[in-house]
Amino acid sequence: MVERSHCLPDESPSAVSRAALRVLAIHAHPDDVEFQCAGTLAMLARQGHTIMIATMTPGDCGSRELGPEEIAEVRRGEARRAAEVIGAEYACLEFSDLSITIDNDAKRRVTEAIRRARPDLVFTAPPVDYMDDHEATSHLVRDACFNASCPNYATRQWNPAPATEKIPFLFYVDPIEGTDPWGCRVTPHFYVDISDVFETKRRMLACHDSQRAWLRAQHGVDQYLDSQQRWSQQRGKEAGVAYAEAFRQHRGHPYPADHPLAGLLGKRFRATAS
Ligand SMILES: [Zn+2]
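Since the model is a prediction, treat every value here as computed from it, not as a measurement.

Undergrad: I'm lost on the overall build of the protein chain in this one. Help?
TA: Helices and strands together make up the secondary structure of the protein chain, namely nine helices and eight strands. For the protein chain, the spread of C-alpha atoms along the three principal axes comes to 50 × 50 × 35 Å. When each of the 274 residues of the protein chain is scored for burial, the buried share is 55%. A fraction of 80% describes how many contacts in the protein chain between residues 6 or more apart in sequence connect residues 24 or more apart. Carbon and sulfur atoms make up 49% of the accessible area of the protein chain, which amounts to about 12400 Å² in all. Of the charged side chains in the protein chain, 32 are positive and 38 negative, and the gap between their average positions amounts to 4 Å.

Undergrad: Sorry, what's going on with the coordination of the zinc ion here?
TA: In a perfect tetrahedron of four donors around a metal, the angles come out at 109.5 degrees. In a perfect octahedron of six, they are 90 or 180 degrees. Around the zinc ion, the donor atoms from the protein are His29 (ND1), Asp32 (OD), Asp32 (OD) and His134 (NE2), and they sit 2.1 to 2.5 Å away. Geometry at the zinc ion is irregular, judged from the four donor atoms that bind it and their angles of 55 to 141 degrees at the metal. The sequence pattern formed by the donor residues of the zinc ion is H-x2-D-x101-H. With relative accessibility at 10%, the residue Asp32 sits in the buried group.

Undergrad: Would you take a moment to explain the environment of Gln233 for this structure?
TA: Locating Gln233 in the fold gives a position in helix α8 (residues 224–239). Take Gln233: its relative accessible area is 35%, and that puts it in the partly exposed class. Spatially, the C-alpha atoms of Gln233 and Asp105 are 39 Å apart, while their sequence positions differ by 128 residues.

Undergrad: Could you clarify how one ought to interpret the packing of aromatic side chains in this entry?
TA: Two aromatic rings, taken as a pair, are described by how far apart their centres are and by the angle between their planes. Per the stated rule, a full pass over the model turns up seven aromatic pairs. Ring plane angle 5 degrees and centroid distance 4.0 Å describe the contact between Phe198 and Tyr243, whose orientation is recorded as stacked. Linking Phe198 in helix α6 (residues 198–206) with Tyr243 in the loop between α8 and β7 (244–249), this pair joins segments that are 45 residues apart in sequence. For the pair Phe198 and Tyr243, a shared accessibility class is recorded, and that class is buried. Ring pairs connect the aromatic residues Phe123, Phe171, Phe190, Phe247 and Phe269, which therefore count as one cluster. Over the ring of Phe95 we find Arg109, and its NZ or CZ is 3.8 Å from the ring centre.

Undergrad: Can you walk me through the sheet that holds strand β2 (residues 50–55) in this structure?
TA: Sheet strands line up and pair through hydrogen bonds in the backbone, either parallel or antiparallel. Reading across from one edge, β3-β2-β1-β4-β5-β7-β6-β8 is the order of the eight strands in this open sheet, with mixed pairing throughout. The open sheet has two free edges, formed respectively by β3 (89–92) and β8 (269–271), since each of these has just one partner strand. Direction aside, neighbouring strands of the sheet carry axes that sit 25 degrees apart on average. When β2 meets β3, the two strands line up parallel, connected through four bridges.

Undergrad: What's the story with helix α2 (residues 38–46) in this structure? I'm lost.
TA: In an α-helix, one turn spans 3.6 residues; hence positions three or four apart end up facing the same way. Among the nine residues in α2, seven count as buried, and that is most of the element. All of the buried residues in α2 are Ala38, Gly39, Thr40, Leu41, Ala42, Met43 and Leu44. Gly48 sits one or two positions beyond α2 and adopts a positive phi of about 95 degrees.

Undergrad: Hey, could you run me through the packing of helix α3 (residues 68–85) against helix α7 (residues 209–219) in this one?
TA: Each pair of packed helices can be summarised by the angle the axes make with each other and by the distance between the axes. The geometry of α3 relative to α7 is characterised by a closest axis approach of 9 Å and an angle of 120 degrees between their N-to-C directions. Taken together, the axes of α3 and α7 lie oblique to each other. Here Ile71, Val74, Arg75 and Glu78 of α3 come into contact with α7, specifically with Asp209, Ser210 and Gln211. Here the residues of the contact of α3 with α7 sort into two nonpolar, two polar and three charged.

Undergrad: I tried to follow unusual backbone geometry on my own but got confused; where do I start?
TA: If a residue is not glycine, its phi is most likely negative; likewise, a peptide bond is most likely trans. Here the bond from His253 into Pro254 is cis, since omega is 0 degrees, no more than 30 degrees from zero. Assignment of secondary structure puts Pro254 in the loop between β7 and α9 (260–265). With a phi close to 50 degrees, Arg118 is a non-glycine residue in the positive phi region. Of note, Arg118 is situated in the loop between α4 (104–117) and β4 (121–124). You can call Arg118 partly exposed: its relative accessible area is 25%. Here the phi dihedral of Glu177 falls at roughly 60 degrees; this positive angle occurs in a residue that is not glycine.

Undergrad: How should I be thinking about the nonpolar core in this particular structure?
TA: Nonpolar side chains tend to gather and get buried jointly when the protein is soluble and globular. Among the nonpolar cores identified, the biggest contains 39 residues, and Leu41, Phe123 and Leu261 are the most heavily contacted of them. Among the elements that line this core, the one with the most residues is α2, at five residues. Discounting residues that sit within four places of it in the chain, Leu41 has contacts with Val23, Ala25, Val33, Ile51, Ile53, Ile86 and Phe123. Counting 25 residues, the second-largest nonpolar core is a separate cluster that includes Met56, Ile100, Ala117 and Leu170.

Calculation rules
- Residues numbered from 1 in each chain as written.
- Predicted model: local features only at pLDDT ≥ 70, side-chain atom pairs only at ≥ 80, totals over all residues.
- Heavy atoms only, no water.
- Helix = DSSP H or I, 4+ residues; strand = E, 2+ residues; numbered from the N terminus.
- Buried < 20%, exposed > 50% of the residue type's maximum accessible area, 1.4 Å probe, protein only.
- Contact = heavy atoms within 4.5 Å.
- Areas by Shrake-Rupley, 256 points an atom, 1.4 Å probe, with all protein chains shown as cover.
- Lys, Arg positive; Asp, Glu negative; His and termini not counted.
- Charge placed at Lys NZ, Arg CZ, Asp CG, Glu CD.
- Donors = N, O, S within 2.8 Å, 3.2 Å for Na, K, Ca; no water.
- Tetrahedral: all angles 85-135°; square planar, octahedral: opposite > 155°, others 65-115°.
- Phe/Tyr/Trp six-rings, centres within 6.5 Å; stacked < 30°, edge-to-face > 60°.
- Lys NZ or Arg CZ within 6 Å of the ring centre and 35° of its normal.
- Pairing = 2+ DSSP bridges.
- Axes fitted to C-alpha atoms, helices over the stretch in contact; angles between N-to-C directions.
- Parallel < 35°, antiparallel > 145°, perpendicular 65-115°, else oblique.
- Nonpolar A, V, L, I, M, F, W, Y, C, P; charged D, E, K, R; others polar.
- Core = buried A, V, L, I, M, F, W, Y, C linked by side-chain atoms within 4.5 Å.

So, in structure tokens, the structure goes:
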């Protein structure tokens, strides 16, 4: 449960709240962002910030009926339509499902994506989660946020973007069901009250039609949209609101460790005591 003393008023000042920010949400597969942080993105979009959604893969293993190229094409379209709900851009880095590997080629490609997006805030996968694609994504994005600012680091990509001027704020979304692989609860650093925008988050996930049937077969989750609602309600219960999303922030050197979202989201930002 959130300590009341940690709840911040609407008028909390923040230097970053005075200008439009560039916000990048990058996760492994199409629909991961919609499950874990689309509500927060919707709120930031409503404030006029630039939102970019990226996935490492096009979800090419996400079907029992369609081949990898066919389902990938379907899912790029679903992800693009979900992003359009909040006026966000969508990009796919074109890795393959179950094959995201931490090597120099991957480091260069993800660093190039960060340099092109030039984000102030980044939301990405948690360092521990139920599958390797998610953990590798987290590691690569964390690494790329740092590497992107090093001018002598060459990405060897076509028409490379210049180095970034700063390391962005970095936030980790929830692992699935909020636990690590040993079943231990992951304690968030803060919650975002998304009650006002939950229907938008639901509409974004509803764009991923192909995955309702796939998840039912693979994971035994019968109701795709209802699982999103149950998890948002669970995090909301912990935060004392109807619906919430939970995050941890990368606070270690040399990433910025103050709370830009406190000023941006006011009373909807609820820090925990952790
Ligand atoms: Zn995923």
